[in-house]
Amino acid sequence: MIALNVNGQDRNVDVPDDMPLLWVLRDVIGLTGTKFGCGIAQCGACTVQLDGQPVRSCVLPVASVGARHVTTVEAIGATQSGKKVQQAWLDLEVIQCGYCQSGQIMSASALLERNPNPSDSDIDAAMSGNICRCGTYTRIRAAIKQAAKA
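About the thresholds
- Residues numbered from 1 in each chain as written.
- Predicted model: local features only at pLDDT ≥ 70, side-chain atom pairs only at ≥ 80, totals over all residues.
- Heavy atoms only, no water.
- Helix = DSSP H or I, 4+ residues; strand = E, 2+ residues; numbered from the N terminus.
- Rg over C-alpha atoms; globule rule 2.2 N^0.38 Å.
- Buried < 20%, exposed > 50% of the residue type's maximum accessible area, 1.4 Å probe, protein only.
- Core = buried A, V, L, I, M, F, W, Y, C linked by side-chain atoms within 4.5 Å.
- Contact = heavy atoms within 4.5 Å.
- Phe/Tyr/Trp six-rings, centres within 6.5 Å; stacked < 30°, edge-to-face > 60°.
- Pairing = 2+ DSSP bridges.
- Axes fitted to C-alpha atoms, helices over the stretch in contact; angles between N-to-C directions.

J.: When you look at the overall build of the protein chain in this model, what are you seeing that I'm missing?
T.: Each helix and strand counted, the protein chain has six helices and five strands in total. The linear arrangement of helices and strands in the protein chain, starting from the amino end, is β-β-α-β-β-β-α-α-α-α-α. In terms of C-alpha radius of gyration, the protein chain reaches 15 Å, essentially the compact-globule figure of 15 Å for 150 residues. Each of the 150 residues in the protein chain was classed as buried or not, and the buried ones make up 43%.

If you want it as structure tokens, here you go:
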């Protein structure tokens, strides 16, 4: 059994130590907001936060999570930055197909937690690991800026 804290709830999961956190979240716990994209930590669709830091859950063995707190897109709206980011995403209609957006939101909210007034280069650096195949990067940047001002 592996003990996890996911979205503020303690959970025990009976899975292999090397099972990626993504599959524990989706298939064992039932939190399907975190998406599978590439499986090699290149696209960012699987981004969650560990103690507020964005990580790629598709390559993170569940046993390596330890006592750190996992936050998924299902709970990010309960944080101040997450709520602002989600509202900005809606206000500016960032979402096109939507597949990458949970990872985008997780990275953006982590950025605003550590840097409440990011420059364009700060946004570029923080979001560089999140790919949007629809090309909504201009709207993503505008939404992050709006969330920072809120």
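Read on for the rest.
J.: Mind showing me how you'd approach the nonpolar core here?
T.: Soluble globular proteins tend to pack their nonpolar side chains together in the buried interior. Ranked by internal contacts, the top residues of the largest apolar core, which has 20 residues, are Val85, Trp89, Ala108, Met127, Ile140 and Ile144. Contributing elements (two or more residues each) for this core: α2 (73-76), α3 (80-91), α4 (101-114), α5 (120-127) and α6 (137-149). Top element by residues in this core is α4. It accounts for five residues. If we skip the residues at most four places from it in the chain, alanine 108 touches Val85, Trp89, Met127 and Ile144.

J.: Would you explain unusual backbone geometry in this entry?
T.: One non-glycine residue, asparagine 7, lies in the positive phi region at around 55 degrees. Topologically, asparagine 7 is positioned in the loop between β1 (2-6) and β2 (9-13). Relative accessible area serves as the criterion here: at 24%, asparagine 7 is assigned to the partly exposed category. A positive phi is found at aspartate 51, a non-glycine position, where the angle reads about 50 degrees. Along the chain, the position of aspartate 51 falls in the loop between β3 (47-50) and β4 (53-56).

J.: What is the right way to look at the packing of aromatic side chains in this model?
T.: A ring pair, where both rings are aromatic, is described by two values, the distance of the centres and the angle of the planes. In total, this model carries one aromatic pair according to the counting rule given. Plain terms: the ring middles of tryptophan 23 and phenylalanine 36 are 5.4 Å apart, the flat faces sit at 35 degrees to each other, and that makes the pair tilted. Of this pair, tryptophan 23 sits in helix α1 (residues 21-29) while phenylalanine 36 sits in the loop between α1 and β3, and the two are 13 residues apart along the sequence.

J.: Explain the pairing of β3 to me, please; I cannot follow it from the model alone.
T.: Looking along a regular strand, one sees the side chains alternate between the two faces of the sheet. Side chains Thr47 and Gln49 of β3 all project onto a buried face; the interleaved residues Val48 and Leu50 project onto the opposite face, where all are buried too. With four bridges connecting them, β3 and β4 associate as antiparallel partners. By the bridge assignment, glutamine 49 is partnered in β4 with proline 54. Joining the antiparallel neighbours β3 and β4 is a turn of two residues, in which aspartate 51 adopts a positive phi near 50 degrees.

J.: Which parts of the structure should I look at to understand the sheet that holds β2?
T.: Strand pairing in a sheet is mediated by backbone hydrogen bonds. Such pairs are either parallel or antiparallel. Taken in spatial order, the five strands of this open sheet run β2-β1-β5-β3-β4, and their pairing is mixed. If you trace the sheet from one side to the other, it starts and ends with β2 and β4, each paired once. Strand-to-strand twist across the sheet, computed as the mean angle between neighbouring axes with direction ignored, equals 40 degrees. Bridge count for β1 against β2 is five bridges, and the pairing is antiparallel. Paired with alanine 3 across the strands is asparagine 12, a residue of β2. Packing against the sheet, α4 makes contact with β3, β4 and β5 (69-71), and its axis sits at approximately 35 degrees to β3.

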